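Residue-level listing of the chains:
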Amino acid sequence: MTNYIEVRTNEEQTEVLSSYLPANRCTAIKNNTTSNYRKLLSGLAPEFRRVRNAINTIREDYFPEATTQFIENWEKQLNIPDDCIDVANNIEQRRKNVMLKLNSINISTNKEIENMLAAAGVDATVQNALDISLLPLTLPFILVSQETAPFTIIITLDASLQPAGLPLTLPFTLSSQAPANIECLLKKYIPAHCQVFFRYA
């Protein structure tokens, strides 16, 4: 764990508290280790250290990719589980689900879609239909109308992720299906005027 605030021993913290006190007749004995004044400061030091250590812990644990203490807070704020993301049974998967949901919100560009897919552990290429629908066509290709091409997103996934059954493999594979949680997230979060096709290579 990275310490963002210096970790101190009890004696170091006592010395810091002592240094905050003004130098006058009332506090002249603040550095006398046998004085009650010094013992009071030494008694207060552990609580100051506890607060400093808690700040380090909270600062480290706040980020969703590393959190343990705040995982329930993140899930509650992001409404996990939902109809796209199931309940996870270990802390690593719960963190991944939080990151997946965060990366799914307000996606509109190809790069943002790729980031969302990466958070789901899926390596994919995201293109606009205009990029792959121009002549000459190369296999595999997807035919869309000129009017809808600017609003059509083509996602190329690894062939191992292809759902069983249709579509049939001719010389190319064409599909509107994807792994269930990915398809669910895209339908929920991409702009409403866009359509998505998946192909497998």
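About the thresholds
- One numbering rule holds for all chains: residues counted from 1, following each sequence as written.
- Per-residue local features of the predicted model are confined to residues with pLDDT of at least 70, and side-chain atom pairs are confined, for both listing and counting, to 80 or more; whole-chain, interface and lining totals are unaffected and use all residues.
- Only hydrogens and water are removed before side-chain values are computed, so all heavy atoms of the structure are retained for them.
- Elements are defined by DSSP. Helices are runs of H or I of four residues or more, strands are runs of E of two residues or more, and each kind is numbered from the N terminus.
- Criterion for a salt bridge: a side-chain nitrogen of Lys or Arg within 4 Å of a carboxyl oxygen of Asp or Glu.
- Only protein chains enter the accessibility calculation, which uses a 1.4 Å probe; a residue is then buried when its area is under 20% of its type maximum, exposed when over 50%, and partly exposed in between.
- Here a pair means two rings of Phe, Tyr or Trp (six-membered ring of Trp) with centres within 6.5 Å. Their orientation is stacked below 30 degrees between planes, edge-to-face above 60, and tilted elsewhere.

1. Observations regarding unusual backbone geometry
Cis geometry is found at the peptide bond from Ile80 to Pro81, where omega equals 5°. As for its placement among the helices and strands, Pro81 is situated in the loop between helix 3 (71-77) and helix 4 (91-104). Although it is not a glycine, Asn79 sits at a positive phi angle of roughly 60°. By secondary structure assignment, the location of Asn79 is in the loop between helix 3 and helix 4.

2. Section: the pattern of salt bridges
Summed over the entire model, instances satisfying the criterion amount to eight salt bridges. Close ionic contact of Arg38 with Glu15 constitutes a salt bridge, the shortest N to O distance being 2.9 Å. On the criterion of sequence distance, the pair formed by Arg38 in helix 2 (residues 36-61) and Glu15 in helix 1 (residues 10-20) is long-range, its members being 23 residues apart. You can call Glu15 partly exposed: its relative accessible area is 38%. Linking Lys187 and Glu183 is a salt bridge whose minimum nitrogen-to-oxygen distance equals 3.5 Å. Of the two residues, Lys187 and Glu183 are both situated in helix 7 (residues 180-189); the distance of four residues between them amounts to about one turn of the helix. When its relative accessible area of 64% is taken as the criterion, Lys187 is described as exposed. Each of the salt bridges in this network shares a partner with another, and the network as a whole consists of Asp82, Asp83, Lys101 and Lys188.

3. Some remarks on the packing of aromatic side chains
Under the definition given, this model contains three aromatic pairs. Here the aromatic rings of Tyr62 and Phe63 are separated by 6.2 Å at their centres, their planes lie at 75°, and the arrangement is edge-to-face. Consider the rings of Tyr62 and Trp74, whose centres lie 5.8 Å apart with planes at 55°: the pair is tilted. Of this pair, Tyr62 sits in the loop between helix 2 and helix 3 while Trp74 sits in helix 3, and the two are 12 residues apart along the sequence. Overall, Tyr62 belongs to the partly exposed group, its relative accessible area being 47%. A connected cluster of aromatic rings, assembled from ring pairs, spans Tyr62, Phe63, Phe70 and Trp74.

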